[in-house]
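Structure at a glance
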Amino acid sequence: MLICLFFAIYPINDFRDNIRLVILKSTKAMIQRKTISCKPSRRNLRLICYFCGEVIFLSNMNKAIVISVIAAAVLAFRVEAQEPVYLDEFRAVFEKADAEISEYYRTAGAEERITDCPGSCCRAFARTPVRIAIPDCPQAPELVAMVEDQGCIPVLLPGREGMENPTMELRKSSIGWDGVLMPEGWVSFEDEYSLLVYKTVTDWNVPYLGTSEATMLVDRGLRRLPCAVSDVAGLVAEAGIYRKARNLMEGIFTIDTHCDLPEGEGYRNGTVSVGKRNRSQCGIPKMDEGGLKAQVLISFLNQGPDDEEGWAAAVERNLRQISEIKADIESNSSLCGLATTPQEALALAAEGRKAFFIGLENAYGIGGDLANIRKMKELGITYITLCHFYDNYVCHTSSQHGEDPSLGLTPFGIKVVREMNRLGLMIDLSHPSAGTFWDCIKYSKAPLICSHSGVKAVYGHDRGLDDDQLKALAANGGVIQVYTVDNFLRREAGLTDIYDFMEHFNHAVEVAGPDHVGIGSDFDGGGGVIGLNGDNDMVNITVLMLKHGYTPEQIEGFWGGNFLRVMKEVQSLSGR
Ligand SMILES: [Zn+2]
């Protein structure tokens, strides 16, 4: 009631993007606690945020309290009320399947485990013609003929009868799919088999012929790419590119350099783990589906007061988060390991295990003490983002919450930069101001990174880099990792899709050059757009890279070669 009143009174155009992001984070935590079983739509969040932006703007009260009280009030009655109705119908099927997949990862041995294409099966994929899967349905003979007419190999899916665990049997068979042909109108809420087939198709982003009403609904619910293929010839073409993308990703090292998965609370109540497949955008099962081999997990700290008390709390929280991340990696050690150097990450990938680096987002977490930087290094941190949405004792922020983005490092910040150089820690300039960026170009002896950033030329958000910065970053030998945060990519948040991401990406490549660009999703921290909404969607980026005409060598650089090169250089300069 109150919400509607405010919403009616205050115009929505003046809302502030950054506040929206803070709310995204806090609402996400609340959603997890309330165990609402799927994300509220972006539209909901946008309404909440417009509203909160206005309240904060007008009231000047303690922002955190206002945000959480209002967001809680809004969530209490809004999220469930506006949840798309159709999700309820297959939520149970999908969640049960995700639980089975998590259990399978927990218990299956390395030999037995389904990954994208372990070892030899990958070579088997380097094939033409492509293989098009057909589900068990009365029209199957007709569909087989259609596939054969296109010069492709039809693959009949396991039938609906006699399967002990349909989720896992369909997943195992999915290793052989390049595309899927389902009859018109075949996916239905009443037919669990059809939903499981559809779940497998969408989990792995396999191209499919999709025209049925139910498919469209499921599509919107899962925020897939808006373009289902509409004819068989188109499907065959897409399937060929998809296969190429999968093969390519299997043969190279692939890393996403910024993911906020480890929220302490999630670890403690058991909802979050790298070993699980659930509503989190990340995790090992989704990494397998998307062709991702490594990720930087983030210990994130909101900016608090820069005083002794605030610093002590920040250090304590940071240490706790790092130990929780490490404990989770350890408890999934048959599937993954902690990496602190490029060599360690490549060795893990060669064993078929995922490599997790750890990054600290916000130097607030070193608590005003240079000695803590060494401690971070010893704990396995590989990079530190110097600040977040607020100025701190190290530097100024790019966000409008800061004093002036032309201001840069503080005198203490200059010492931090030198100490990080000395210890071989990467300096992350996503979030810091332009002033800080140019100060770091001046003071850092090692190349710099922007672990999750965008470009101003495509959309003039304060989290983007301008062309001069992109050129300077390239000259410095550094790298920009492009994010997937919808309202940082374009103005009309909620409509953003993977093509908007590619626009930022392609511009960065044009200006900085192909050796200085990569991917840093910011998943579980605000990242996620249509067609690129989790680790399992990463293959879609490779598909679009291939369509754009990038070479396999360039794609290898984008997916990790560039980032590892910078890490190697930063680490090799340490101690000098
Ligand atoms: Zn961030």
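Residues numbered from 1 in each chain as written. Predicted model: local features only at pLDDT ≥ 70, side-chain atom pairs only at ≥ 80, totals over all residues.

Things to note about the overall build of the protein chain
- Within the protein chain, the secondary structure is distributed over 23 helices and 14 strands.
- Relative to its 576 residues, the protein chain shows a buried fraction of 52%. (Helix = DSSP H or I, 4+ residues; strand = E, 2+ residues; numbered from the N terminus. Buried ≥ 20, exposed ≤ 12 C-beta atoms within 10 Å, placed from the backbone.)

Quick notes on the packing of helix H8 (residues 166-174) against helix H9 (residues 192-203)
- Between H8 and H9, whose axes approach to 10 Å, the crossing angle comes to 40°. On the basis of the axis angle, H8 is oblique to H9. Note on packing geometry: the crossing formed by H8 with H9 is right-handed. Facing Pro166, Thr167, Leu170, Arg171 and Ser174 of H8, the residues of H9 in contact are Tyr193, Leu196, Val197 and Thr200.
- Residue classes in the contact of H8 with H9 are distributed as 5 nonpolar, 3 polar and 1 charged. (Axes fitted to C-alpha atoms, helices over the stretch in contact; angles between N-to-C directions. Parallel < 35°, antiparallel > 145°, perpendicular 65-115°, else oblique. Left-handed = near helix turned anticlockwise from the far one by under 90°. Contact = placed C-beta atoms within 7 Å. Nonpolar A, V, L, I, M, F, W, Y, C, P; charged D, E, K, R; others polar.)

Concerning the packing of helix H16 (residues 371-379) against helix H17 (residues 411-423)
- Contact geometry for H16 and H17: axes closest at 10 Å, N-to-C directions at 35°. Crossing of H16 over H17 shows right-handed handedness. Touching Ile373, Arg374 and Lys377 of H16 are Val416, Glu419, Met420 and Leu423, all from H17.
- Taken together, the residues of the contact of H16 with H17 sort by class into 4 nonpolar, no polar and 3 charged.

A short note on the pairing of strand E1 (residues 131-134)
- Where E1 and strand E2 (residues 153-156) come together, 4 bridges link them in parallel fashion. Across the sheet, residue Ala133 finds its bridge partner in E2, namely Val155.
- Of the pairings in the sheet, the one linking E1 to strand E3 (residues 179-181) comprises 2 bridges and is parallel in character. Directly across from Ile132, in E3, lies its bridge partner Gly179. (Pairing = 2+ DSSP bridges.)

Looking at the sheet that holds E3
- The strand order across the open sheet formed by 4 strands is E2-E1-E3-E4, and the pairing between neighbours is parallel. Looking at which strands have only one partner, the edges of the open sheet turn out to be E2 and strand E4 (208-209).
- The strands touched by helix H7 (residues 140-149) within the sheet are E1, E2 and E3, with E1 carrying the most contacts at an inclination of about 170°.
- Along the sheet face, helix H11 (residues 232-251) touches E1, E3 and E4 and points at about 155° away from the line of E3.

Considering the nonpolar core
- By size, the foremost hydrophobic cluster in this structure holds 133 residues, and its most contacted members are Ile132, Phe356, Ile384, Ile480 and Ala508.
- For this core, the two domains that each supply at least three residues are domain 2 (120-246) and domain 3 (254-572).
- The contacts of Ile132, once residues within four sequence positions are left out, are Val147, Cys152, Pro154, Val155, Asp178, Gly179, Val180, Leu181, Leu235 and Ala239. (Core = buried A, V, L, I, M, F, W, Y, C linked by C-beta atoms within 7 Å. Domains from an automatic or database assignment.)

Comments concerning helix H22 (residues 538-548)
- Counting buried positions along H22 gives 8 out of 11 residues, so the element sits mostly inside the fold.
- Of the positions making up H22, those classed as buried are Met538, Val539, Asn540, Ile541, Thr542, Val543, Leu544 and Met545.
- Gly549 sits one or two positions beyond H22 and adopts a positive phi of about 100°.

Concerning the environment of Pro135
- Relative to the assigned elements, Pro135 resides in the loop between E1 and H7.
- Given 26 C-beta atoms within a 10 Å radius, Pro135 is considered buried.
- Remark: the alpha-carbon pair of Pro135 and Val180, spanning 45 residues in sequence, is separated by 8.2 Å.

What about the confidence of the model for the protein chain?
- Taken as a whole, the protein chain shows an average pLDDT of 82; of its residues, 76% reach a score of 70 or greater.
- Here residues 1-62 is modelled with pLDDT under 50, and outside its nearest four sequence neighbours on either side it reaches 92 contacts, counting other chains as well. (pLDDT = per-residue confidence, 0-100.)

Quick notes on the environment of Gly179
- Of note, Gly179 is situated in strand E3.
- With 27 C-beta atoms packed within 10 Å, Gly179 lands in the buried category.
- Separated by 63 residues in sequence, Gly179 and Tyr242 place their C-alpha atoms 8.2 Å apart.
- Not counting the four nearest positions on each side in its chain, Gly179 is found in contact with Val130, Ile132, Val206, Pro207, Tyr208, Leu235, Val236, Glu238, Ala239 and Tyr242.

Considerations on the environment of Val274
- You can see Val274 is positioned in the loop between helix H12 (264-269) and helix H13 (284-290).
- As a C-alpha pair, Val274 and Phe356 span 82 residues in sequence and 9.5 Å in three-dimensional space.

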